[in-house]
Structures are given as C-alpha cells and as structure tokens.
Amino acid sequence: MKRPPGARTQAPPLTPLAFNLLCVTVACVVAAHAPHMPAWYTAALAAIVAARWWQRRRQPRRVPAWLRVLMLLAVPGAMIAYYGTPLGREPGAAIVCGLLVVKLLESERPRDARMTVAFACFILMSALLFDQSLASTILVGLMLLPALATLRALEPGLPTAGWRPAFKTGTLLLAASLPLALLGFLLIPRLATPLWGAPDAGAARTGISDRMAPGDLHALLTDDAVAMRIGFDGAPPPAARRYFRGMVLWHFDGRAWTPGAAASRPWRPAPLATLGPTTRYEVTLLATRQHWMFALDAPVDAPEGAVMGPDRTLMSVRPIDHAIRYRVTSATDYRLGPERLDRRVRAAALQLPAGYDPEARALAARWRAAAGANNGAIIRDALRLFHDGGFVYDLDAPPLGRNSIDDFLFHTKTGFCEHYAGAFTFLMRAAGIPARVVIGYQGGYWNRFAHYLLIRQADAHAWSEVWLAGRGWVRVDPTAAVSRVILASTGGAAGDVAGGSRDSWMPWRDRLDVVNRWWGQTVVGFDALRQTRLLRSFGIQHATAQMLGVALAVVVFLALGIGGLVASLRPRDRPRDRLAAAQGRLQRRLARHGVVRGTSEGPRDFYRRATVALPDAAPLLRELASEYLTLRYATASPPPDRTRAFAQNVRRFRVRHHATPDA
Amino acid sequence: MDARPRGAGRTLAARIRRRLPGLLRGRTPEPLPVRLDRRRVYIAPTRAGCGFAVLLIAMLAGALNYQNNAALLLTCLLGAVLACSMLLTWRELHDLTLRALHAEHGFCGARLPLHLAFADDGRARPGLNIAVDGLLQPCPLRRGTSRATVTAPTRTRGWVALPRMRLSSTLPFGVFRAWSWITPDQQVLVYPRILHDAPPPASSDDPNDRIAGGDEFAALRDYHAGDPIRHVAWKASARHDHLLVREFDRAAPGQPLRFDWNALSDIDRETRISRLTGWVCDAYAAAHPWILILEDRRPFGPANDAAHYHRCLTALAELP
C-alpha cells in the first residue's frame, strides 16, 4: 500500500501513558520468569525497569548509549557467569528477559514500543515452557492485557488520563476471541515429531529412576509434586492393593540396585493368571522425560504406544516429555510368573555380589538352616526382624558404609522403603529364595470430589517380589512391617508407609486438584493422537493434518465472517424520541410514493413539495406537517399525548395515487 | 476520467462501477453523501502487523515443537485477539457517511481548509485519519461530534475539483489499517495567489500609499480571530507569547483606491492577477474603499465591505 510521504518521518515520542504501560508489560514478563531466575537477577531487572521509568518521567529521552551498551554486555555476561553456559532453558530465558529490559531503555518511539511488546509476548510464552499448569497459564494469559493496552495506547483517541480506557479494548477483545482461540487450539495440527532437538535434553529427569541406592529416593519422598492421577472405571482397589508397578531391579552391586542385563532373561512378558475381577482405569502421567509408565500391580495388557517388559512393567515407546494419558486393565488378584523358573532367571534372581555383607549372609544361612525347605518361614522370619528388631522408619536415614546391608540391618536400623526393600531382597537371595526389587508408587490420595486417586512423587515406593513355587512372584512389602515410624521433619509426608494418612488436607485443596487434573487431561494432555480423533463426531475416524488445516481455515473464516456481520450491524437506527420516529415513518411512506426528502431540505419545504406532488393527500399532509412543525419547533419538549396522536395520524395516513413527477 | 463507455457496454460498466466502486479506488468523483459500505473499505496489515504475524509464527513453531499446549493456547489467544482486532479496525470506517463538505475561501498556495460533515451515527471514531494529497491529518470523531476539518493543497486558482481523500484508521492496536477513498464531486473556488511584495498602485497622488506599501503601520495590537494572517507581525510576535498584528493607519478614508488591470501592462498575466489580489487584500484589511477594474474594463466597487472583497476575488479567480 502506498504510504503518504511524511507520515512516518518523525513519529512523536511515546506518551507517558504508553510508556508506563510498556513498563508494566516488561515488569510482567520479568515476574512471569521470576520463579526460575536467580532472585538477585530478578531484583536487578526489576530495579532497572523502575529506574528507567523514573528517568523517563524526569527527562523523556533515551538512556545514554554507553549505558545501554554496558547493560547489553552485562546482562548476558552475568547469566553466563552464573550458569556457566548461555545454552539451556534457564540461562536462555534469563538472558532474553534481560535483553527485553535493555530494549526498554531505548524505547522512545512507537516503533520501539511495538517491537518491545512483540518481544515481550514471545518471552511471556516461553515462561509456559517451564510450567504449564492452569494457574500459570491463566496468569500469563492475563499478562497479555498490559501488552495489548500498550498497543492500544500507541494509537490515537485515548483520553490522556486514566489507565482503564487503554485496557478496555484489549480486555473485551480477549474475552471475545476466547472461542476462536480455543477452536484454533483444537484444530492446529500437532507435530508428530519435533522440528528440532528435544526441548530439554539436558534437563533433569523427574520421578523415579531405575537405580536404587541408599538415599536415592530421599529427594523424591519429600517432593509433594503430582506424579499421576488415576481414575478407575469401577470402584478403586482397596488401599492395601494400591501398588503401582514401575520397574523391576534385578542386579545388586553391593550398593545400588539396577535393572541388570536384560539379555539374561526372557524377552516375553511373564505369564499372568488373573484370579479375580480385573480393574480398568485411566492414568494421567505427568512428564518424566523417561520411558517408565506405571500400572496397578499387575497389568494385563499394554496401552497404545507402550510395550510390556518381561517383568510386566510398561515402557513408553517415546520418552514422556509431556503429560500422557493411557488406559490399562490390571488384575489385583493374580499369579505372576511361570510354573518353573528358568535357570538363567533363577540365577539372576539369586545374584549377590561377592565379598559384601557377610553378617547378613550369615543371618540368612541361619534362617535357612532352621526352616529347612520352608520358604514361607524364612519370609516370616525376615518380616518379624523388621517388626520386632528395633527398626525405625525415618526419612532422615544415617549414611551407610561399604557393607551397606550389614550396616543397616545390624547398626543403624533406620531407613525407609529402599533400605527395607533392598535388605529384604538381599536376605531372601542369601537364603536361596529368588527375589527382586520393584519400584513404583504406593498408596495415593483418594479425591472424594472427583473420584480419582492422586499419586504424588512422595508416594514413590520400593518393595520386593519373591518367587515361591506354585505361587509365582509374590509381592512382599517389608516396609509395612516396620512398627516405629518417625514422620519426616523435612516436610514431605511419609508417603510410602502403607495407610499413611493424608486426611488432614483441606477440602479446597481437593477441589483445586480436581481443576488441575481437568487441565492436565484436557489441555496439557491434548496430543497428536487425541487430535486425530477430534473429528469423529463428523464421521471422520482419523483426522489428518490437512483435514484439520481445512477445518481451521473454515473456522477462522466463519468466525471472522460472523464477527464482521456483528460488527457491521448499525447501532439501532430508531431515534429515541417518538416524534422523530413518527416523522421518519411519514418520510419513508412519502418516499415510497416518489417524494424523497433531500439532504439539505428543511421539513417545511419538504412537506410543501409533498402536498404539491400528492394533491389528493394534501389536506391531511398539510395538517400533519403543521402539527409536526409545532411539536418540533414551537415547544421545548413535545407533549407526549400530542406526540402519540401525531404518531397515530401518521400510521393512518395513506396515499391513493402516486406522485406526478415534479416539473 | 470522462471516458464514459457507450452503447452496449455502458450498462455493464455502469453496473460494475456501482457494485464494485473499489475497482476505481474512489477515483470517480461522486456526489455527496458518500457512505463507506463494506465494498469500499479495504483492510491490510500494517508493517507492525506483519511483524506480529512473524512473531505469531515463531510462537506457534516453538509451542508445537516443544509440544507445550499451554504455550500453544497463549499463541492462539494472541492470534485470535489480533485477528479480531481487524474487525474493530474495519468498523472504524465502515458505515461512515460523509454528508457534506464545505470549503473555506483560500488563496492559491496556501492550504485550503475543508470542513467535513459526517453523518452522526452515535459511534465514536477516534482513530480516523484523512490524507488529502498525501498529508495525513488526524480527524478524531468523538461520540456525538460529526465534524472534522482537513486542509487541501491548492495549486491553481479558479474552480478546482477536490482531490481524492484517503480515510484510514489503524485502531485499536495498529496491526491493521483500514482505508477507503472518497473523491467528492465538488468544485471549490480558490482565490489567486497573493503577491506579497507588490509595489503600490501606480497612482502617485494617492495618499494611501502606505496601505498598499505594506510595511508601514501605525501600531501593533493583539490578534483577533478573523484578522488576516498576513498582517500578523511575526517578528514581533516571536518576542511575545501571543500573536500581534499590524494595525494600519486608517487616516485617509476619502478617495477610493483604484486597481486597474490595464495599468499593469509589462508583466505576465498570472503575476498581474496576483498583484491585484494582493492590493485587494491589503485594501480590505485596511478597510479602505477600492475599485477593481479588470481586463474587460468591468469595474467593481467602489466599496470596502466583505461582499465587495469576495466579489473582487471571485472575479480575479475566475479570470481565464
């Protein structure tokens, strides 16, 4: 489009209102990123914004160039020095936040301000890469308002004082465009594979890992973050059976339990015989960046996109980089494993490192000697030891020496699930009973409002499985045998104690979690797979990206078309006063008979012309005209009764013949 | 512009012109009132709008790549807001009706004020800009006001057609610009250019030299609305915080001045007209009666009132 010359040569500087709004926008961006930036850095950025605001209030001009250059070098420099690298999520976000603040230092013209706003919108979005919970999404969405208000303030037509008019347009538009935004969200085709590198290849994995050494689970057990939510199709399983199988650890190296070499064991899932009713449920698992999926012990089948390992554990084909949902059927009454244990499997289940923990081995040998072939008695011996042997459940477990099992069993006697599961499995193996460690989650919190089980990271748990002839792999939870429990002072509830009580929670927290769950399931968990099923109600079983694109285009055009229609509606033409309405009606009626009032024609001239043009209506018309002129011009406000009479007369007015064309 | 189609093609062409005035971009002069209906309001993204489009694509790519639905939702929200703002921008112009246009009298070379009267439809149009001949002039219409004033350049004297006006708005966010063209089918009279350093009329016995001499004056007084702009004493005004005008000596009201076309023989036609115009203006400013005699020896006056002034200037402007 041709632009008139001189229109953009020297734009006027920003008005104080626009600049203040710009400062608010930038401050909002800094606030949105504050949770993952160093506190001193956030404070420094906030101070720079405040200083710039104060400076421009006093002298409306840019900050000196040397200062800007200094800032431009100092901001990334500080962050690289702090993080050691400019790459990665946290340093990257901190650096762009800083650059935005530097941009504010030189924002003097509408053009700068628009660029700053655009930049701010982008950085606002990046705040959601850190936390896409409902609360933070709403918060960041609201932070668009100052950005929109700034854009509005850059345009003319605002009163100079007051913030509200600037916010008004943006707020109304934001509310009005929500439906369109949601439709766009539903229909924008998702990428099946990322365009470039996985988002956080180097970021810490969360949740349970497949290595268990003394103390490893500690951080997890004090973490109140949500791990997953489970909704059952029927009644939930009883609390004692809420074990969620994650991974099975076979190999012990004297210190840590690991999955061990998979090649030594069969590849096919161990056979499972269901002995009672099965339970079907849906799991919403939050991102872990790992492959492990969790299922109620023991899963019957594997959900879509997952494979079942030999130990009846579920593994996602792709790393779980975002929340996923899957449905599984599990049997809580089951017999797991073959009739006879394969020789190699048996060897793996009895593996113990040589040269470690002689005392524990000696104890197991004594039990074996006393019990003979009765494996059940040995298990009972071990559980009795944990129950009566002065063992304490405490998250603050003392450190263990080289012979960690011996240290734990005979000296410290203090620990939590991983200590008990590890020691128990060791004792079983030492006594000749095939055993292995299972990690997963146990317990959970039953939300009475929405009927689902909430599993937190603190519910992480480790237990043992022992192989008994005729019964297969049997779950034994040695931690449950411990009688003395010291609840952690570190804040996290002792989630892995069976029946650990969480009833003290406030009901509002339940409700909040219901909302969070809904958010996680419907919005955060809306992935490419669920999108393909989106158009099912339109008879399309598997929507392709092209279909979605077409639907998106149709929706956008429809929305804008409807919006255009609404926008083009004239405000009610009907004048507020009845006299003008009646006189408009008379004019329309006369116009139908060929007498059209000119734009600059007064009523008196018009009616005179009309009486000439329509001779047979002339007497009545003359009467109406004089009445109108009296009401309109001879009275300050027309009396209502006479106005009503005039309106009635107009309604009764008829013309028989058409006008003869004026000479 | 006047190449009217003839014959069979005429009805079709007329129909096209009526249905799609946009094709002509408002180049055809049309009688007032002109309503900007949906067929003639254009809309396109501004430069900032294109920047925001790039931003949205970048945000979309990031959100999709990181499979972050919250970020995608935010992107959709921003996109939807900006797309919907297009409707508001369009609505700024849509249904705007230019009811009447009144041109002030202006001299060639100065900008001619045009008073526009829009139909009052109870809607505010705070972002309206009107560009006449390339100069963008903000004309905010508040609710209840329907009048705006713009200035148009003048290049020739006499009856000239009004230039095409571009009405535009970038409200509310400056990411879209709606615009439309109006060429009112109206002619305005432009008075001739005033020659400022005109030598006084040739009659030496005239005691009113100083009127036409222009530089001699009796006193300075405060500016009042309606004072001729060229009597403003700019240098003196610069030293004060308000405008001062030169008050001319009105001492000799007796003999009317005589501005004769034929007395100015050795200069070209336009300069002659301009000089006569300058004299008329000066005499009128000094409230001194004058007689204007044109080429065809038609005399005007003597008189010193506004009607006489405008009659003289109209006659000068309409000279071939």
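Scoring rules and cut-offs
- Within any chain, residue numbers begin from 1 and follow the written order of that chain's sequence.
- Working convention: letters from A go to chains and numbers from 1 go to ligands, in the order in which they are written.
- At least 70 in pLDDT is required for a residue's local features to be given in this predicted model, at least 80 for side-chain atom pairs to be given and counted, and no such filter applies to totals for whole chains, interfaces and linings, which use all residues.
- Each helix corresponds to a stretch of at least 4 residues labelled H or I by DSSP, and each strand to a stretch of at least 2 residues labelled E; elements are numbered beginning at the N terminus.
- Residue burial is a threshold on neighbouring C-beta atoms within 10 Å of the residue's own C-beta, all placed from the backbone, with 20 or more meaning buried, 12 or fewer meaning exposed, and counts in between meaning partly exposed.
- Once C-beta atoms are placed from the backbone, any two residues with those atoms within 7 Å are in contact.
- Here, any two strands with at least 2 DSSP bridges between them count as paired.
- Polar here means any residue other than Ala, Val, Leu, Ile, Met, Phe, Trp, Tyr, Cys and Pro, which are nonpolar, and Asp, Glu, Lys and Arg, which are charged; Gly is therefore polar.
- One number per residue, pLDDT, summarises how confident the predictor is, and it ranges from 0 to 100.
- Residues of type Ala, Val, Leu, Ile, Met, Phe, Trp, Tyr and Cys that are buried and joined through C-beta atoms within 7 Å form what is called a nonpolar core.
- In this analysis, axes come from line fits to C-alpha atoms, helices being fitted only over the stretch in contact, and the angle between any two N-to-C directions falls in the range 0 to 180 degrees.
- Each angle is binned into one of four classes, with values under 35 degrees roughly parallel, values over 145 roughly antiparallel, values of 65 to 115 roughly perpendicular, and all other values oblique.
- In a left-handed crossing the near helix is turned counterclockwise from the far helix by less than a right angle, and in a right-handed crossing that turn is clockwise.
- A helix is expected to reach a length of 1.5 Å times the quantity of its residues less one.
- Read the arc as the range of directions from the helix axis to the C-beta atoms.

Visitor: Tell me about the overall build of chain A, and please be specific about residues and values.
Guide: Scanning chain A from terminus to terminus reveals 22 helices and 20 strands. Buried residues in chain A amount to 38% of all 663 residues. The contacts in chain A between residues at least 6 apart in sequence include a share of 73% that link residues at least 24 apart.

Visitor: For unusual backbone geometry, give the residues involved together with the corresponding values.
Guide: In the segment running from Asp297(A) into Ala298(A), the intervening peptide bond is cis, with an omega of 0°. With respect to the helices and strands, Ala298(A) occurs in the loop between strand E8 (295–296) and strand E9 (306–308). In this model, Leu171(B) is joined to Pro172(B) through a cis peptide bond whose omega is -5°. Tracing the sequence through the fold places Pro172(B) in the loop between strand E10 (165–169) and strand E11 (176–182). Backbone geometry places Arg312(A), a non-glycine residue, at a positive phi of 60°. Mapped onto the secondary structure, Arg312(A) falls in the loop between E9 and strand E10 (314–316). At Asp357(A), a position not held by glycine, the phi torsion is positive, near 50°. If you trace the backbone, Asp357(A) turns up in the loop between helix H11 (343–349) and helix H12 (358–371).

Visitor: Lay out the sheet that holds strand E3 (residues 97–103) of chain B in plain terms, naming residues and giving numbers.
Guide: All names here are of chain B. Spatially, four strands are ordered E1-E3-E5-E8 in an open sheet, and the strand pairing comes out antiparallel. Edge positions in the sheet fall to strand E1 (34–35) and strand E8 (147–152), since each of these pairs with one other strand and no more. Examined bridge by bridge, E3 and strand E5 (residues 112–118) share five bridges and lie antiparallel to one another. Within E5, the residue paired with leucine 98 across the bridge is phenylalanine 118.

Visitor: Any chance you could break down the interface of chain A and chain B for me, citing the residues and the numbers?
Guide: Contact residues are listed per partner, giving 54 residues for chain A and 55 residues for chain B. Listing elements by their share of the side of chain A that touches chain B, those giving two or more residues are helix H5 (110–127), helix H6 (134–142), helix H7 (144–153), helix H8 (164–176), helix H9 (178–187), helix H16 (507–524) and helix H18 (545–568) of chain A. Residues of the side of chain A that touches chain B, tallied by class, amount to 34 nonpolar, 13 polar and seven charged.

Visitor: Give me the lowdown on the environment of Ala51(A), citing residues and values where you can.
Guide: All names here are of chain A. For alanine 51, the location among the structural elements is in helix H2 (residues 39–58). Residue alanine 51 is classed as exposed on the basis of its 12 C-beta neighbours within 10 Å. Measuring from C-alpha to C-alpha, the distance between alanine 51 and leucine 105 comes to 9.5 Å, with 54 residues separating the pair along the chain.

Visitor: I'd like a description of the confidence of the model for chain A, backed by residues and values.
Guide: Low-pLDDT portions of the prediction should not be read for the details of their coordinates. Residue and element names in this part refer to chain A. Across chain A, the average pLDDT comes to 82, with 89% of residues at or above 70. In this model, residues 1–8 is a region of pLDDT below 50 whose contacts with residues beyond four sequence positions or in other chains number nine contacts. Counted against residues more than four places away or in other chains, residues 488–503, with its pLDDT under 50, gives 44 contacts.

Visitor: If you had to explain the nonpolar core to someone new, which residues and values would you point to?
Guide: For soluble globular proteins, nonpolar side chains are generally found buried alongside one another. Formed by 226 residues in total, the largest nonpolar core has its most connected members in Val26(A), Leu427(A) and Val280(B). Top contributing element to this core by residue count: helix H3 (residues 69–93) of chain B, with 18 residues. With sequence-adjacent residues up to four places away left out, Val280(B) is seen in contact with Phe259(B), Trp290(B), Leu292(B), Tyr309(B), Cys312(B) and Leu313(B). Grouped together as the second largest cluster of nonpolar side chains are 14 residues, Leu590(A), Val595(A), Ala617(A) and Phe646(A) included.

Visitor: Give a detailed account of the packing of H12(A) against helix H13 (residues 375–388) of chain A, specifying residues and quantitative values.
Guide: Residues and elements named next belong to chain A. Where H12 contacts H13, the axes come no closer than 9 Å and their chain directions differ by 135°. Relative to H13, the element H12 lies oblique. H12 and H13 meet at a crossing whose hand is right-handed. For the pair H12 and H13, the contacting residues are Trp367, Arg368 and Ala371 in the first and Ala377, Ile378 and Asp381 in the second.

Visitor: Give a description of the packing of helix H20 (residues 603–613) of chain A against helix H21 (residues 618–634) of chain A that names residues and reports values.
Guide: Packed helix pairs are specified by the crossing angle of their axes together with the interaxial distance, meaning the distance between the axes. All names here are of chain A. Contact geometry of H20 with H21 gives a least axis separation of 9 Å together with a crossing angle of 175°. Here H21 runs roughly antiparallel to H20, going by the angle between their axes. Across from Pro603, Arg604, Tyr607, Ala610 and Thr611 in H20, the residues of H21 making contact are Ala618, Leu621, Arg622, Ala625, Tyr628 and Leu629. Here the contact of H20 with H21 is composed, by residue class, of eight nonpolar, one polar and two charged.

Visitor: Give a description of H12(A) that names residues and reports values.
Guide: Residue and element names in this part refer to chain A. Its 14 residues give H12 an end-to-end C-alpha distance of 20 Å, which sits within 8% of 20 Å, the value for a rise of 1.5 Å per residue. Along H12, the residues classified as buried are Ala360, Leu363, Ala364 and Trp367. In an axial view of H12, the angular spread of the buried residues amounts to 95°, which keeps them on one side of the axis. Of the residues in H12, the exposed ones pointing more than 90 degrees away from the buried face are Pro358, Ala362, Arg366 and Ala369. For H12, the elements touching its buried residues are H13, helix H14 (404–412) and helix H15 (417–430). Just past H12, the residue glycine 372 takes up positive phi, approximately 70°.

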